[in-house]
Amino acid sequence: SGLSETKNPKKNQSKLISFVIKFALFITLPIIALLLVFSREIILFFSQPQYLPAAGLLPIVAVAALFLGIGQILVSNIFAIGRPKATRNITIAVTLLFLLTSIPATYMFSTFGMAYSYLISMIVLVLASYFYLRKAIDLRLNWAAIGKIFAATLVFAAFTFPINMVVGSVGLKVATIL
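Worth saying up front: this structure is predicted, and the values here are computed from it rather than measured.

Scoring rules and cut-offs
Residues numbered from 1 in each chain as written. Predicted model: local features only at pLDDT ≥ 70, side-chain atom pairs only at ≥ 80, totals over all residues. Heavy atoms only, no water. Helix = DSSP H or I, 4+ residues; strand = E, 2+ residues; numbered from the N terminus. Buried < 20%, exposed > 50% of the residue type's maximum accessible area, 1.4 Å probe, protein only. Contact = heavy atoms within 4.5 Å. Areas by Shrake-Rupley, 256 points an atom, 1.4 Å probe, with all protein chains shown as cover. Core = buried A, V, L, I, M, F, W, Y, C linked by side-chain atoms within 4.5 Å. 1 Å grid on protein atoms, 1.4 Å probe; cavity = no way out; pocket = protein on both sides within 12 Å on 5 of 7 lines; lining within 4 Å. Points joined across faces, edges and corners; volume = space filled by probe spheres on them. Nonpolar A, V, L, I, M, F, W, Y, C, P; charged D, E, K, R; others polar. Polar contact = N/O pair within 3.5 Å; in protein donor to acceptor, adjacent residues only side chain to side chain. Axes fitted to C-alpha atoms, helices over the stretch in contact; angles between N-to-C directions. Parallel < 35°, antiparallel > 145°, perpendicular 65-115°, else oblique. Left-handed = near helix turned anticlockwise from the far one by under 90°. Phe/Tyr/Trp six-rings, centres within 6.5 Å; stacked < 30°, edge-to-face > 60°. Patch = residues over 30% accessible without salt bridge, like charges linked within 9 Å, V, L, I, M, F, W, Y side chains within 5 Å. Salt bridge = Lys/Arg side-chain N within 4 Å of Asp/Glu carboxyl O.

A. Summary view of the overall build of the protein chain. Tallying secondary structure elements over the protein chain gives six helices and zero strands in all. From first element to last, N terminus to C terminus, the protein chain shows the α and β order α-α-α-α-α-α. Relative to its full complement of 178 residues, the protein chain shows a buried share of 32%. Across the protein chain, the fraction of contacts at a sequence separation of at least 24, relative to all contacts at a separation of at least 6, is 72%. Entry remark: accessible area of the protein chain is about 11100 Å², with carbon and sulfur atoms responsible for 75%.

B. Molecular detail of the nonpolar core. Ile17, Ile21, Leu25, Ile70, Leu74, Leu133 and Leu139 are the most contacted members of the largest nonpolar core, which has 31 residues in total. Elements that contribute at least two residues to this core include exactly α1 (9-37), α3 (57-80), α4 (84-109), α5 (111-137) and α6 (143-177). Excluding residues within four positions of it along the chain, Ile21 makes contact with Ile70, Leu74 and Leu141.

C. Quick peek at the layout of surface pockets. Reported here for the largest pocket is a volume of approximately 290 Å³. As for the largest pocket, its lining consists of 17 residues, of which Leu25, Phe67, Ile70, Val126 and Phe150 are closest to the centre. When the residues that make up the lining of the largest pocket are grouped by side-chain class, the tally is 17 nonpolar, no polar and no charged.

D. Just the side chain of Ser117, in detail. Here Ser117 shows up in helix α5. Using a relative accessible area of 3% as the deciding quantity, one classes Ser117 as buried. Of the polar contacts made by the side chain of Ser117, one reaches the side chain of Thr101; its length is 2.5 Å. Apart from residues no more than four positions distant in its own chain, Ser117 is found in contact with Phe98, Thr101 and Ser102.

E. Local environment of the packing of α4 against α5. The interhelical angle for the contact between α4 and α5, taken along N-to-C directions, is 160°, at an axis separation of 8 Å. On the basis of the axis angle, α4 is roughly antiparallel to α5. Crossing geometry of α4 relative to α5 is assigned as right-handed. Looking at the contact of α4 with α5 residue by residue, the classes come out as 16 nonpolar, eight polar and no charged.

F. Up close: the packing of aromatic side chains. Applying the stated criterion across every chain yields a total of five aromatic pairs. Ring plane angle 85° and centroid distance 5.0 Å describe the contact between Phe45 and Phe46, whose orientation is recorded as edge-to-face. An angle of 80° between the planes, with centres 6.3 Å apart, marks the rings of Phe98 and Tyr118 as edge-to-face. Here Tyr118 lies in helix α5 and Phe98 lies in helix α4, a separation of 20 residues in the sequence. Look at Phe98 and you get partly exposed, because its relative accessible area is 22%. On the basis of relative accessible area, Tyr118 is assigned to the partly exposed category, the value being 23%.

G. Examining a nonpolar patch on the surface more closely. Taken together, the side chains of Leu16, Phe19, Val20, Phe23, Phe26, Ile27 and Ile31 present a nonpolar region at the surface, about 690 Å² in accessible area. Checked against the element boundaries, Ile31 lands in helix α1. Take Ile31: its relative accessible area is 48%, and that puts it in the partly exposed class.

Right under this line is the structure:
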């Protein structure tokens, strides 16, 4: 890539990863906020009222999908810096963690156990990849910008939640009648 031809490819790669993660959060966090607030309505829109119990799973899986996306960005960069064994080891460790936690969690908590096991595995993927890249290329994320994105998303969710309480209850009643 063009990064290998620059004077300081590690610094440029670190900046690029930080930018991509900020952009990914900027796009996906508001979508996840909508999924958290309107999960029941989304399920009713795409399916039928008998699937409403899955509304509790949607926010968990949405957050896990965010962590999967960020984790894949990080793991791909570990591979890109020429460390395929580290990529393999992180991937195998996260997969084993998921398998070892999902079986008992699913047995004890059913679908929620599986969802939480997936979420935990994806968080571990992000953390392991982040700390590896922090050591390998001195990855530094702009935590202030990420904090602003989280704060803006919380404000957005705070405004949409009361709207959902009013409009959503009427919409659910109409949908269950139809």
